[in-house]
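A closer look at the structure
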Amino acid sequence: MSLTQEIRACRLCADRFAATATAHRPRPVVWFRPTARILIAGQAPGARVHDSGRPFTDASGDRLRAWLGLDEETFYDRDRIAIVPMGFCFPGYDAKGADIAPPKLCRDTWHDQVMNALGEVDLILPVGVHAIRYHLGVKTSLTETVRNWRNWRDHAPRVFPLPHPSWRNTGWLKKNPWFEAELLPELRVRLRASLKDLP
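Each value, and the rule that gives it
Residues numbered from 1 in each chain as written. Predicted model: local features only at pLDDT ≥ 70, side-chain atom pairs only at ≥ 80, totals over all residues. Heavy atoms only, no water. Core = buried A, V, L, I, M, F, W, Y, C linked by side-chain atoms within 4.5 Å. Buried < 20%, exposed > 50% of the residue type's maximum accessible area, 1.4 Å probe, protein only. Helix = DSSP H or I, 4+ residues; strand = E, 2+ residues; numbered from the N terminus. Contact = heavy atoms within 4.5 Å. Salt bridge = Lys/Arg side-chain N within 4 Å of Asp/Glu carboxyl O. Polar contact = N/O pair within 3.5 Å; in protein donor to acceptor, adjacent residues only side chain to side chain. Expected span 1.5 Å × (residues − 1). Bend = angle between axes of the 7 residues up to and from the residue. Pairing = 2+ DSSP bridges. Axes fitted to C-alpha atoms, helices over the stretch in contact; angles between N-to-C directions. Arc of directions from axis to C-beta. Phe/Tyr/Trp six-rings, centres within 6.5 Å; stacked < 30°, edge-to-face > 60°. Lys NZ or Arg CZ within 6 Å of the ring centre and 35° of its normal.

A look at the nonpolar core
Where a protein is soluble and globular, its nonpolar side chains tend to be buried together. Core analysis: the largest hydrophobic core is formed by 53 residues, its most contacted members being Ile40, Leu68, Leu118 and Phe179. If you tally residues by element for this core, the top one is helix H10 (residues 178-197), at seven residues. Filtering out sequence-adjacent residues up to four positions away, leucine 118 remains in contact with Phe32, Arg33, Pro34, Ala36, Arg37, Leu39, Ala82 and Val84.

This is the structure in structure tokens:
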């Protein structure tokens, strides 16, 4: 059984998900192939992605693709771009309707295996605080980490930390105009260069 098949068959969090307000079953959304050289590392699928089985098939995905300047065909080309969340399943909502964080168990069980399977990727885009902390090994705030994107000398220009493209972060984007004015243009240049070098 391949690693992607193992992850798709994973039911480690079945009891955890059954106890959420959504009382849903696990449905790991797996979207990578070992040939990919660009990694989009997200948080976890949302409810719409849980239903579709395809990552970022929601308004967050529309915003993320706009940030990256990618069309859907390129974005979903698994041979070139891997989309690997910190939790492969929709974690559910709590009793107040708030998002539940991706289970650490998922990350601990699968994430290092996936990174080993991908090998040396050219570009890593950690999206949201959970992915940023894993891939950069930092505990600084999201704003501080993203604002200092040029200063990650051990990582740049290979890693571009991004806020989550959720509508909930619209206020953050307004307060931090440098993100769209400075970081995104450079990221698009780097992304186009990486894609150009791929078959």
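A short note on the pattern of salt bridges
Within this structure, the stated rule accounts for seven salt bridges. Between aspartate 77 and arginine 80 there is a salt bridge, with its nearest N and O atoms 3.0 Å apart. Notably, a salt bridge pairs glutamate 120 with arginine 158, separated by 3.5 Å at the nearest N-O pair. Pair noted here: glutamate 120 is in the loop between helix H6 (104-118) and strand E3 (123-126) and arginine 158 is in the loop between helix H8 (142-147) and helix H9 (170-175), with a separation of 38 residues, a long-range link. On the basis of relative accessibility, which here comes to 56%, the residue glutamate 120 falls in the exposed class.

What about the side chain of histidine 135?
One can find histidine 135 in helix H7 (residues 129-136). Among the residues examined, histidine 135 registers a relative accessible area of 12% and is labelled buried. Polar contacts involving the side chain of histidine 135 include one to the side chain of histidine 111, which spans 3.4 Å.

Quick word on H6
Taking 1.5 Å per residue, 15 residues should reach 21 Å; H6 reaches 21 Å between its end C-alpha atoms and fits that length. The largest bend in H6 is about 35°, located at tryptophan 110. Buried residues of H6: Cys106, Trp110, His111, Val114, Met115 and Leu118, and no others. Buried residues belonging to H6 abut helix H1 (3-8), strand E1 (38-41), strand E2 (81-83) and H7.

Focus: the sheet that holds E1
Across the sheet, which stays open at both edges, the three strands sit in the order E2-E1-E3 with parallel pairing between neighbours. Both outer strands of the open sheet, E2 and E3, are each paired with one neighbouring strand and no more. With direction set aside, neighbouring strand axes in the sheet form an average angle of 15°. One ladder, built from four bridges, connects E1 with E3; its direction is parallel.

Some words on H7
Burial in H7 covers these residues: Ala131, Ile132, His135 and Leu136. Considered in projection along H7, the buried side chains sweep an arc of 105° and stay on one side of the axis. Two residues or fewer after H7 comes glycine 137, characterised by a positive phi angle close to 65°.

What to know about the packing of aromatic side chains
Taken as a whole and judged by the stated rule, the model has eight aromatic pairs. For the ring pair tryptophan 172 and phenylalanine 179, a centre distance of 5.7 Å and an interplane angle of 75° mean the geometry is edge-to-face. An identical accessibility class is assigned to tryptophan 172 and phenylalanine 179; each is buried. Through a chain of ring-to-ring contacts, three or more aromatic side chains come together here, namely Trp31, Phe56, Phe75 and Tyr76. In this structure, arginine 54 is placed above the aromatic ring of tyrosine 76, and the distance from its NZ or CZ to the ring centre is 3.8 Å. Between the NZ or CZ atom of arginine 78 and the centre of the ring of tryptophan 31, over which it lies, the distance is 3.7 Å.

Topic: unusual backbone geometry
Residue alanine 23 is not a glycine yet carries a positive backbone phi of 45°. Relative to the elements of secondary structure, alanine 23 occurs in the loop between helix H2 (14-18) and E1. For phenylalanine 56, which is not glycine, the phi torsion reads 55° and is therefore positive. Mapped onto the fold, phenylalanine 56 is located in the loop between helix H3 (47-52) and helix H4 (59-68).

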